[in-house]
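Examination of the molecular architecture
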Amino acid sequence: MILWRKKKIEEPRPSITEVYREATRRLRDKAPGYAIRLADEGDLEEVRAINLACLPENYPMYFFRDLLKNHGKAFYVAESPNNVVVGYVMCRIERKPGFFRHFLVKSGHIVSIAVLREHRKRGLGYALMAYALKSLYEEYGCEET
Ligand SMILES: CC(C)(COP(=O)(O)OP(=O)(O)OC[C@H]1O[C@@H](n2cnc3c(N)ncnc32)[C@H](O)[C@@H]1OP(=O)(O)O)[C@@H](O)C(=O)NCCC(=O)NCCS
């Protein structure tokens, strides 16, 4: 008797462009007035406060400053309609052994992401990830995340 094994059909992964476009759609529909923008030094106190409020992994201020200085093109904040920082994503670029183990590849590492509880489920987390991924691939030339 021959048994035919049903071949698993893998869902094609969306491209960065598709994810970014979807983020724009979610922001428009679910978070009108909110914005995602690159972080600057003046945001770091608010970012640190959000990190303390949302996550058990907390860091000293120099850690945030270091990520902003060295990987600032992939450090984003979400801003509410009244210009308050309500979320962030921060990343680091690492070199890791690639698939064949012989070469080191540039890998984007999401160090931390958080959105204040009262601003969740509006697509801000998705949008922060989309912006960070786009920067990791396009600005830093990462080959994987
Ligand atoms: C994770 C977090 C950033 C999501 O923020 P958000 O603005 O509510 O996210 P979104 O509204 O964009 O939702 C994005 C997707 O994630 C899902 N999601 C959100 N929070 C989730 C959670 N805690 N567990 C599982 N899925 C979650 C949503 O359902 C949505 O799914 P969809 O794309 O299928 O619709 C937010 O819940 C948070 O700050 N959590 C505490 C910090 C944390 O856990 N950070 C991650 C580890 S560093």
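Scroll up to find the structure.
The written sequence of each chain sets the order in which its residues are numbered from 1. Predicted model: local features are reported for residues with pLDDT of at least 70 only, side-chain atom pairs are reported and counted for 80 or more only, and whole-chain, interface and lining totals are derived from all residues.

Some points on helix α3 (residues 61-71)
With C-beta atoms placed from the backbone, a residue is labelled by how many other C-beta atoms lie within 10 Å of its own: buried for 20 or more, exposed for 12 or fewer, partly exposed between the two. Helical segments are the DSSP runs of H or I of at least four residues, strand segments are the runs of E of at least two, and each set is numbered from the N terminus. Listed as buried for α3 are F64, L67 and H71. For α3, the angular spread of buried residues about the axis comes to 75°, placing them on one side. What points out from α3, more than 90 degrees from its buried face, is the exposed set M61, Y62, R65, K69 and N70. Whether two residues are in contact depends on their C-beta atoms, placed from the backbone: they are in contact if these lie within 7 Å. Next to the buried residues of α3 lie α2 (44-54), β3 (85-97) and β4 (104-115). In this description, one arc is meant: the one made by directions from the helix axis to the C-beta atoms.

Some words on the pairing of strand β2 (residues 76-79)
Strands pair, by our definition, only if DSSP identifies at least two bridges between them. By the bridge criterion, four bridges tie strand β1 (residues 35-38) to β2 in an arrangement that is antiparallel. Directly across from L38, in β2, lies its bridge partner Y76. Taken together, the four bridges between β2 and β3 define a ladder with antiparallel strand orientation. Each residue of the ladder has a partner; that of E79, found in β3, is V85. Here β2 folds back onto β3, and the loop between the two strands holds five residues, one of which, N83, carries a positive phi near 60°.

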